[in-house]
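Listed below, chain by chain, are the residues.
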Amino acid sequence: MSSGPYFVGVDVGTGSARAALVASDGRVLEQAVQAIKTWNPEPDYYNQSSDNIWQSICQVVKKVIAGVDKSEVKGIGFDATCSLVVLGPQGSPLTVSKSGEAEQNVILWMDHRAEQETQEINAFKNPLLKYVGGQVSLEMEVPKLLWLKRNLSKTFANIWRVFDLPDFLTWRATGVDTRSLCSVVCKWNYDAANGSWNKEFLEQADLEELIQNNFEKLGSDVQPPGRKVGKGLTAKAAGELGLSISTVVSTSLIDAHAGALGMFGCRSKDSKGDDDVQGKMALIAGTSTCHMSITRKACFAQGVWGPYQDAIIPGYFLNEGGQSIAGHLLDHVLKSHESYAELKSKLGEDKFIYQHLNKLLPELAAARGFDQLSCLTQDVHVWPDLHGNRSPIADPTLRGVITGLDMTRGTESLAIKYLAFVQALAYGTRHIIDNLYQYGRAPFQTLLFCGGLAKNPLYVQCHADICNLPGLIPDEQEMVLVGAAALGAAASGHFDSLESASKAMGGTGQLVKPNPETLEFHNRKYKVFLQLLENQRQYRSIMQGDTK
């Protein structure tokens, strides 16, 4: 193994804690994973335990550093899901469970118990909501805190601190209570423009108890990501993690944002090295897709979250779009088709079915006399929002549309339907980009991909063709862990800024160029795509008896 310095990145996802030992050029040298516990006592309720999460982190960190001298580990960075951690006196866990188990003191990000509270908070239409596309989501923290006040009053009355999970980890590691701008701006409605919590917003949300003593329960020391926290690891935390006392700890990031940080520094192998981070859109593309981009000047775009000041890289504003279902949508298309059972028995895992369909499409195009496989869908058009639209329409009631159905059966019909849905997801990304442009955003030069769908060449090529932008797939797949390690590298002073750490550790990637031959075809199909949205609105209007 190469000699140090090394940095440790810790990533706490929904179901596991992961750690990586990362070199200063961004290579992941070692990694380990450990499952974490989730309790799901009733539909929409998901609880975790901060003690269990910390124990899992200690196990994985010890594993990845086992082969190196711990004095060579110069910094550690944490990212995690935006889950809510509730602590009582002396930092002891306080229950978030109706059945009262103290161990269960974390409300998981995907918990939807606070639906009523979310609606009430949005009804006030506080000006602060312009930073979250006009409304708080029931996955954000303020509605969950109001739920606790109403339903678990004993827990609420005994709160010493409430943390976003990434900030809990830096506090547990250092004993110092700081908050990352990333979490508080993106998920807690912190007013970054004025550098303070908003008293009026909290009073409207019936949470005036959190205002006391300079908002200390929410955190009164808010810092940008990549800053050194306190004096580094405490003796207790160092012992638990197997690292040296005072190892530098960085302020944290939310997990998807750590992936974006890692990717923003990635460049193509033939790049001249002068690529502007403002020209990149990072797609964290898995079950759903997150579209992240940063600008030097704030861009307020309807239906897109942000602009979040300093939320990933200090000095930049983050805009965050997204599609509620992406990989999950393609799985649905696959599994609901009559040919799925036969393909499954013949090919096994779903990934082999996708590979088979990707290979079949050019053969079908050739058989039908098309030069380009994209032309297979010239009469099949899809609006892909089977689960509502997150960006840029922000309408959870929208549904999917498909037009151009014929009598074709078997694998051939599945292949064409699959292609039409992959294209529709890419038209959805183009719709988000066009929406940002409409609000004055600087032009994009590159799309960056990580997550499960980055491994599907058809998905990446369709995005490049339809958005008419080159796609870049990082050589290092674990960009979330690289992003977390980059935090530690910046905080330790090894790099002079988080932006430099991202550029030095982002590595290189494979460039997928747009196909100029299909540009006109996709421009026409994109017009149809937008028309499908208008048509859906018209159909609703007709069915509601609107006579206009």
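Residues numbered from 1 in each chain as written. Predicted model: local features only at pLDDT ≥ 70, side-chain atom pairs only at ≥ 80, totals over all residues. Heavy atoms only, no water.

An unreviewed UniProt entry lists the protein under the name FGGY carbohydrate kinase domain-containing protein, with Drosophila rhopaloa as the source organism. The record in UniProt for the protein states the following under Sequence similarities (unreviewed entry): "Belongs to the FGGY kinase family." (UniProt positions renumbered as here; feature names shortened; annotations may be inferred.)

Engineer: What is the right way to read the overall build of the protein from this model?
Structural biologist: The secondary structure content of the protein amounts to 18 helices and 22 strands. Relative to its length of 548 residues, the protein is compact, with a C-alpha radius of gyration of 24 Å against a globular reference of 24 Å. With respect to the principal axes defined by its C-alpha atoms, the protein has extents near 70 × 60 × 50 Å. Considering the protein as a whole, with its 548 residues, one finds that 57% of them fall into the buried category. Across the protein, 52 positive and 59 negative side-chain charges occur, with their mean positions spaced 1 Å apart. (Helix = DSSP H or I, 4+ residues; strand = E, 2+ residues; numbered from the N terminus. Rg over C-alpha atoms; globule rule 2.2 N^0.38 Å. Buried < 20%, exposed > 50% of the residue type's maximum accessible area, 1.4 Å probe, protein only. Lys, Arg positive; Asp, Glu negative; His and termini not counted. Charge placed at Lys NZ, Arg CZ, Asp CG, Glu CD.)

Engineer: Would you mind showing me how to read the UniProt feature "domain: Carbohydrate kinase FGGY C-terminal" (unreviewed entry) in the protein here?
Structural biologist: UniProt records the feature "domain: Carbohydrate kinase FGGY C-terminal" (unreviewed entry) at residues 281-491, using the numbering of this structure. Secondary structure over residues 281-491 splits into 42% helix and 18% strand, and the C-alpha atoms at its two ends are 25 Å apart.

Engineer: Before we go on, may I ask you to explain the nonpolar core in this structure?
Structural biologist: Across soluble globular proteins, you tend to see nonpolar side chains buried next to one another. Counting residues in hydrophobic clusters, the biggest one holds 84 residues, and the most contacted among them are Leu145, Leu148, Leu218, Tyr308 and Met505. Per element, the largest residue contribution to this core is nine residues, and it comes from helix α16 (residues 479-491). Leaving out residues up to four positions away in the same chain, Tyr308 has contacts with Tyr131, Val132, Met140, Val185, Cys186, Tyr316, Phe317, Leu318 and Glu320. If you look at the next biggest cluster of nonpolar residues, it comprises 61 residues, including Leu364, Leu398, Leu419 and Cys467. (Core = buried A, V, L, I, M, F, W, Y, C linked by side-chain atoms within 4.5 Å. Contact = heavy atoms within 4.5 Å.)

Engineer: Sorry, what's going on with the sheet that holds strand β8 (residues 161-164) here?
Structural biologist: Sheet strands pair by backbone hydrogen bonding; their relative direction is either parallel or antiparallel. The sheet built from four strands is open, its strands ordered β4-β7-β6-β8 with antiparallel pairing. Pairing within the sheet leaves two strands with one partner each, and these edge strands are β4 (47-48) and β8. Relative to strand β7 (residues 106-107), β4 runs antiparallel, the two being bridged by two bridges. Residue pairing for β7: Asn47 is matched across the bridge by Ile107. On top of the sheet, helix α5 (residues 165-174) reaches β6 (84-87) and β8; it is set at about 115° to β8, its chief contact. (Pairing = 2+ DSSP bridges. Axes fitted to C-alpha atoms, helices over the stretch in contact; angles between N-to-C directions.)

Engineer: Where do I start with the UniProt feature "domain: Carbohydrate kinase FGGY N-terminal" (unreviewed entry) in the protein in this structure?
Structural biologist: Under the feature "domain: Carbohydrate kinase FGGY N-terminal" (unreviewed entry), the UniProt entry names residues 6-262. Counting secondary structure, residues 6-262 comes out at 32% helix and 20% strand; the distance between its end C-alpha atoms is 16 Å.

Engineer: I'm lost on unusual backbone geometry in this one. Help?
Structural biologist: Excluding glycine, a negative phi dihedral is what most residues carry, and trans is how most peptide bonds are arranged. Residue Pro5 follows Gly4 across a cis peptide bond; omega there is 5°. Tracing the backbone shows Pro5 in the segment before β1 (6-12). At Asn213, a residue that is not glycine, the phi angle is positive and equals roughly 50°. By secondary structure assignment, the location of Asn213 is in helix α8 (residues 212-215). Classification of Asn213 as exposed rests on a relative accessible area of 55%.

Engineer: I'm lost on the pattern of salt bridges in this one. Help?
Structural biologist: Pairs can form between side chains of opposite charge whenever their charged atoms are close. Inspection of every chain in the model, using the stated rule, returns 24 salt bridges. Taking the shortest distance from any N to any O, the salt bridge between Asp25 and Arg27 comes out at 2.9 Å. Note on Asp25: relative accessible area 37%, which makes it partly exposed. When its relative accessible area of 40% is taken as the criterion, Arg27 is described as partly exposed. Across the pair Asp111 and Arg113 runs a salt bridge, and its minimum N-O distance is 2.9 Å. One exposure class covers both Asp111 and Arg113, and it is buried. (Salt bridge = Lys/Arg side-chain N within 4 Å of Asp/Glu carboxyl O.)

Engineer: Even after reading the chapter, I still don't get the pairing of strand β22 (residues 508-512), so can you show me in this structure?
Structural biologist: Put simply, side chains in a regular strand alternate between the two faces of the sheet. Here strand β13 (residues 267-268) runs beside β22; their pairing, made up of two bridges, is parallel. Across the sheet, the residue bridging to Ser268 is Gly509, located in β22. In the sheet, strand β21 (residues 471-474) pairs with β22 via four bridges, with the strands oriented antiparallel. Each bridged residue has a counterpart across the sheet, and for Ile473 the counterpart in β22 is Gln510.

Engineer: What exactly am I supposed to notice about the packing of aromatic side chains here?
Structural biologist: Aromatic ring pairs are described here by two measures, namely the spacing of the ring centres and the angle between the planes. Applying the stated criterion across every chain yields a total of 16 aromatic pairs. Taken together, a centroid distance of 6.3 Å and an interplanar angle of 70° make the contact between Phe163 and Phe168 edge-to-face. Phe168 matches Phe163 in its accessibility class, with the two residues each being buried. Sitting over the face of the ring of Trp305, Arg390 holds its NZ or CZ atom 3.9 Å from the ring centroid. (Phe/Tyr/Trp six-rings, centres within 6.5 Å; stacked < 30°, edge-to-face > 60°. Lys NZ or Arg CZ within 6 Å of the ring centre and 35° of its normal.)

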